[in-house]
Amino acid sequence: MTTAPTALGPTPRTPRLVDLFEHGLDAPICLTWELTYACNLACAHCLSSSGRRDPRELSTAEAKAVIDELEAMQVFYVNIGGGEPTVRPDFWELLDYATAHHVGVKFSTNGVRITPEAAGRLARNDYVDVQVSLDGATADVNDAVRGPGSYATALRALEHLASAGMRNFKISVVCTRHNIPQLDDFKALADRFGAQLRLTRLRPSGRGADVWDDLHPTASQQRELYDWLLAHGDNVLTGDSFFHLSAYGQALPGLNLCGAGRVVCLIDPVGDVYACPFAIHEEFLAGNVRETGGFAAVWRDSELFRRLRAPQHGGACASCAFYDTCKGGCMAAKFFTGLPLDGPDPECVQGYGEQRLAEGRGGRPRPSADHSRRPRPVDLVLTRREDPARPPVSDCAQDPLAGLRLT
Ligand code: SF4
Ligand code: SF4
């Protein structure tokens, strides 16, 4: 332990929060729960390769049992995502059940079911927050990644939320090579709707692995983003996802810690528990909520989580002057680009990650499951093209919202 000499003798240094969190907590403080793999969109970078519902998804009763557990563990809120969570027929029932059981809900949506009625309902519930995904401040940039019409859908949802009197809901942006030049525009958009901007990092997870090389910000854009965050950080959320950029000098606000299995985890639609929402792979699978002991047993006793909570050595990064804040970056980003977990992040601001990638060692692991509706990796420019090689599919299999009329 580091001590500082005083007239009264050495005073033990007060442990930093981050030092405590590294050893894990009794309950996660950032629990993501993906309710379904079904989605009306087919975003090029979808971290969970969503599209089609999985028939093994948790039933309403099973999902309520998970909420009961979260309440007993005093998990204050859960990040609900998917897929598009609102396409689950019991979505609103589960949302009401969670908030009635003292588990606040923050959910991510592409906006497809945020009608004026839904927006009014959300505005009346103090324990719910909404994140509308938008990956371009203009339709051309957004729709190239999220699909045709997705910008208009998201903007309509934002208008409905603002009109219903909801404040500080989130506009959630995955930062890419194409939208980094739009940071000021995103902020203006958020201000226009009385919303808060949330910027997150693109990871090479799920279908993101297929587009990582083309979409991840360039080195100069990373610097641009870092400078922008320093200037606007007080009003912009990041989910602590850019801590690898702290190696530019000044630490960004946040824990600056990979929380996987320590304070962060994912419950996927079939009840599998992974160390992090961006690490959907057998390597990071800790258990399943359907097993004896449920989620609590997985969180407290899984062998994987015990290992992640043990003291980590810095590996190749240990001698880096910025290791204290960068900590070698994101485990998932390293894993899915084929880099060793104790090596530098692929976007290491010192350039060591790129150097290792150029050396070309190690293949890139594929995600555990793929629920994409397309039988092959998605194109970056999404257009509705007929592919004669593909078997015909029903409207329903093609689009879980087939026939839905939007207001
Ligand atoms: S693996 Fe990456 S995304 Fe997941 S908690 Fe660690 S740093 Fe965050
Ligand atoms: S060498 Fe490692 S600790 Fe240093 S900046 Fe790069 S990723 Fe971060």
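About the criteria used
- Residues numbered from 1 in each chain as written.
- Chains lettered and ligands numbered in written order.
- Predicted model: local features only at pLDDT ≥ 70, side-chain atom pairs only at ≥ 80, totals over all residues.
- Heavy atoms only, no water.
- Axes fitted to C-alpha atoms, helices over the stretch in contact; angles between N-to-C directions.
- Helix = DSSP H or I, 4+ residues; strand = E, 2+ residues; numbered from the N terminus.
- Parallel < 35°, antiparallel > 145°, perpendicular 65-115°, else oblique.
- Contact = heavy atoms within 4.5 Å.
- Nonpolar A, V, L, I, M, F, W, Y, C, P; charged D, E, K, R; others polar.
- Expected span 1.5 Å × (residues − 1).
- Buried < 20%, exposed > 50% of the residue type's maximum accessible area, 1.4 Å probe, protein only.
- Arc of directions from axis to C-beta.
- 1 Å grid on protein atoms, 1.4 Å probe; cavity = no way out; pocket = protein on both sides within 12 Å on 5 of 7 lines; lining within 4 Å.
- Points joined across faces, edges and corners; volume = space filled by probe spheres on them.
- Pairing = 2+ DSSP bridges.
- Near = heavy atom within 4 Å.
- Phe/Tyr/Trp six-rings, centres within 6.5 Å; stacked < 30°, edge-to-face > 60°.
- Lys NZ or Arg CZ within 6 Å of the ring centre and 35° of its normal.
- pLDDT = per-residue confidence, 0-100.
- Core = buried A, V, L, I, M, F, W, Y, C linked by side-chain atoms within 4.5 Å.

A. Expanded view of the packing of helix α3 (residues 91-100) against helix α4 (residues 116-123). Here α3 crosses α4 at 10°, and the two axes come no closer than 13 Å. Relative to α4, the element α3 lies roughly parallel. Together, Trp92, Leu95 and Asp96 of α3 and Ala118, Arg121 and Leu122 of α4 make up the contact between the two elements. Per-class residue counts for the contact of α3 with α4 are four nonpolar, no polar and two charged.

B. Expanded view of helix α9 (residues 219-232). Between the first and last C-alpha of α9 there are 20 Å, a value that for 14 residues agrees with the 20 Å anticipated at 1.5 Å per step. When we look at burial in α9, the residues that qualify are Gln221, Gln222, Leu225, Tyr226, Trp228 and Leu229. Here the buried residues of α9 occupy an arc of 165° about the axis, which is enough to place them on one side. Exposed and facing more than 90 degrees away from the buried side of α9 are Ser220 and Ala231. Where α9 is buried, its residues meet β7 (170-175), α7 (183-192), β8 (196-201) and β9 (236-237).

C. Local environment of empty space enclosed by the protein. Summed over all chains, the structure comprises three cavities of 30 Å³ or more. Volume-wise, the largest cavity comes out at about 50 Å³. Together, Cys175, Arg201, Leu202, Pro217, Gln222, Leu225, Phe242, His244, Leu245 and Glu347 line the largest cavity. Grouping the constituent residues of the lining of the largest cavity by class yields six nonpolar, two polar and two charged.

D. Quick look at the pairing of strand β6 (residues 128-133). In terms of burial, β6 is a largely internal element, six of the six residues being buried. Neither face of β6 is exposed, since Val128, Val130 and Val132 on one face and Asp129, Gln131 and Ser133 on the opposite face are all buried. Looking at chain direction, strand β5 (residues 104-109) and β6 are connected through five bridges and run parallel. Within β6, the position partnered with Ser108 by the bridge is Gln131. Inspection of the sheet shows β6 paired to β7 by three bridges, in the parallel sense. Its bridge partner lying in β7, Ser133 is registered against Ser172.

E. View of the site of ligand 1. All residues in the neighbourhood of ligand 1 are listed as Arg203, Phe243, Cys258, Gly259, Ala260, Cys276, Phe278, Cys330, Met331 and Ala332. Looking at side-chain class alone, the shell around ligand 1 contains eight nonpolar, one polar and one charged residues.

F. Examining the packing of aromatic side chains more closely. In total, this model carries seven aromatic pairs according to the counting rule given. With 5.1 Å between their ring centres and 45° between their planes, Tyr226 and Tyr248 make a pair best called tilted. With Tyr226 in helix α9 and Tyr248 in the loop between β9 and β10 (264-267), the pair connects residues that are 22 residues apart, well separated along the chain. Centre to centre, the rings of Trp299 and Phe305 are 5.5 Å apart; their planes meet at 70°, and the pair counts as edge-to-face. Grouping residues by exposure puts Trp299 and Phe305 together as buried. Directly above the ring of Tyr248 sits Arg223, whose terminal nitrogen or CZ lies 4.7 Å from the centroid.

G. Focus on the sheet that holds β8. An order of β9-β8-β7-β6-β5-β4-β3-β10-β11-β12 is seen for the ten strands of this open sheet, with the pairing classed as mixed. Every interior strand has two partners, whereas the edge strands, β9 and β12 (285-288), have only one. Its contacts with the sheet put helix α2 (residues 60-72) on β3 (30-34), β4 (77-81) and β10, and the angle it makes with β3 is roughly 175°.

H. Up close: the confidence of the model for the protein. Averaged over the protein, the pLDDT score is 88; the fraction of residues at 70 or greater is 85%. Per-residue pLDDT stays below 50 along residues 1-10; that stretch engages in twelve contacts with residues further than four places along the chain or on separate chains.

I. Inspection of the nonpolar core at higher detail. Within the largest apolar cluster, 87 residues are counted, with the highest numbers of intra-cluster contacts made by Trp33, Phe107, Leu122, Leu199 and Phe295. Core analysis: the next-biggest nonpolar cluster, separate from the first, contains seven residues, Ala44, Val174, Leu202 and Trp212 among them.

J. Molecular detail of unusual backbone geometry. Note the cis peptide between Gly82 and Gly83, where omega equals 20°. Relative to the assigned elements, Gly83 resides in the loop between β4 and α3. Phi angles above zero are rare outside glycine, and Gln74 is one such case at about 60°. On the accessibility criterion, Gln74 (59% relative accessible area) is exposed. Notably, His102 is not glycine yet its phi reads approximately 65°, a positive angle. Mapped onto the elements of the fold, His102 is located in the loop between α3 and β5. For His102, a relative accessible area of 61% gives the class exposed.

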